[in-house]
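Here is how the chains run, residue by residue.
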Amino acid sequence: KGIDMKLKYTIMYVEDVAGTLEFYRDAFGFVINFLHESGDYGELQTGETTLSFSSLELMNQLGKGAVKPTPSAPTFEIAFETDYVELHLKQALEAGAKLVQSVEDMPWGQTTAYVHDLNGYLVEICSPVQAQ
C-alpha cells in the first residue's frame, strides 16, 4: 500500500511574519514565495515541504493558544541540510541569528551547528550524515 499523505508544510508562529521571511531569506538564502496582504501569513520556497509563518495574533484570534518560543527550553528544532555548514552558519550570524553551537563534527558522521532565529526558534544547520 502506498502512502497517501505527505508532509506539506510546517507553520511557525511569530510576531512579525514579514520580518521573519526576510530573516530566513538573508540568513539561509531561501526565496520568499508568498506574503498575504494582511501580513499574518507567509511562505518560503524550501523544496517539497514549505516552511511557513503565521502571526501569533492571528493564531490566538483563531483560538489556538499560540505562544512565543522559549530559547532556553526549545521543544523542537528545524534543520537545514547543506554541504557547507560553516559558510551557512556565518551567513546566518551576519543576518542576526544568535549562536547556540559552533560547527562540530559528530560521531555519527555529520557536521552540525545551531543558532536561534530572530524569534528564538532553534535552527540546526547540518551536513548529510556520512557512512562511518
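First things first, this report covers the structure right here in the doc. None of these values were measured; they are calculated from a predicted model. Throughout this description, residue numbers start from 1 for each chain and increase along the sequence as written. Local features in a predicted model are, by the rule used here, given only for residues with pLDDT of at least 70; side-chain atom pairs are given and counted only at 80 or more, and totals for whole chains, interfaces and linings are based on all residues. Just so you know, side-chain values use all the structure's heavy atoms and leave hydrogens and water out.

1. Some remarks on the overall build of the chain
Spelled out, the test is: Think of it this way: any DSSP run of H or I at least four residues long counts as a helix, any run of E at least two long counts as a strand, and we number them from the N terminus. All radius of gyration figures rest on C-alpha atoms, and the globule criterion is 2.2 Å times the number of residues raised to 0.38. Throughout this description, buried means an accessible area under 20% of the type-specific maximum (1.4 Å probe, protein chains only), exposed means over 50%, and partly exposed covers the range between. In short, Shrake-Rupley with a 1.4 Å probe defines the accessible areas, and a residue's cover is counted only from the protein chains shown. Residues counted as positive are Lys and Arg, residues counted as negative are Asp and Glu, and His and the chain ends are not counted. Positions of charges follow a simple convention, taking NZ of Lys, CZ of Arg, CG of Asp or CD of Glu.
Helices and strands together make up the secondary structure of the chain, namely three helices and eight strands. Its helices and strands taken in sequence order, the chain reads β-α-β-β-β-α-β-α-β-β-β from the N to the C terminus. The C-alpha atoms of the chain give a radius of gyration of 16 Å, which matches the 14 Å a tight globule of 132 residues would have. Projecting the C-alpha coordinates of the chain onto the three principal axes gives extents of approximately 50 × 45 × 30 Å. In the chain, which comprises 132 residues, the share counted as buried stands at 39%. Just so you have it, the chain exposes about 8200 Å², and 52% of that area is on carbon and sulfur atoms. Positive and negative charge centroids in the chain, built from 8 and 19 side chains respectively, lie 6 Å apart.

2. Observations concerning helix 1 (residues 17-28)
We apply this condition: A helix's residues, less one, multiplied by 1.5 Å, set its expected span. Contacts described as polar in this section are N or O atom pairs within 3.5 Å, which, within protein, must combine one atom able to donate a hydrogen with one able to accept it, while residues neighboring in sequence count only if both atoms come from side chains.
With twelve residues, helix 1 extends 16 Å between its outermost C-alpha atoms, agreeing within 8% with the 16 Å of an ideal straight helix rising 1.5 Å per residue. Taken residue by residue, helix 1 has Val 17, Gly 19, Thr 20, Leu 21, Phe 23, Tyr 24, Ala 27 and Phe 28 as its buried positions. With a side-chain oxygen lying 3.4 Å from the backbone nitrogen of Ala 18, the N-terminal cap of helix 1 falls on Asp 16.

3. A closer look at the layout of surface pockets
Note the threshold: Detection works on a 1 Å grid of protein atoms alone, calling trapped sets that fit a 1.4 Å probe cavities and calling open sets with protein on both sides within 12 Å along at least five of seven lines pockets, with lining residues defined by an atom within 4 Å of a point. Grid points are joined across faces, edges and corners, and a volume is the space filled by probe spheres set on the points.
Roughly 150 Å³ of internal volume is contained in the largest pocket. Counting only elements with at least two residues in the lining of the largest pocket, the list comes to strand 4 (50-55) and strand 5 (77-81). No other element matches strand 5, which puts three residues into the lining of the largest pocket.

4. Some remarks on the packing of aromatic side chains
Formally: Two aromatic rings from Phe, Tyr or Trp, using only the six-membered ring of Trp, form a pair when their centres are within 6.5 Å; if the ring planes differ by under 30 degrees the pair is stacked, by over 60 it is edge-to-face, and anything between is tilted.
Evaluated as defined, the whole model comprises nine aromatic pairs. Their ring planes at 55° and their centres at 5.0 Å tell us that Phe 28 and Phe 80 sit as a pair that is tilted. Residue Phe 28 is located in helix 1, and its partner Phe 80 is located in strand 5; the two are separated by 52 residues in the primary sequence. With respect to burial, Phe 28 and Phe 80 carry one shared label: buried. Relative to Tyr 121, the ring of Phe 76 lies with its centre 5.7 Å away and its plane at 50°, an arrangement referred to as tilted. Residue Phe 76 is found in the loop between helix 2 (56-61) and strand 5, and its partner Tyr 121 is found in the loop between strand 7 (111-116) and strand 8 (122-126); the two are separated by 45 residues along the sequence. Taking relative accessible area as the criterion, Phe 76 reaches 38% and is therefore assigned partly exposed.

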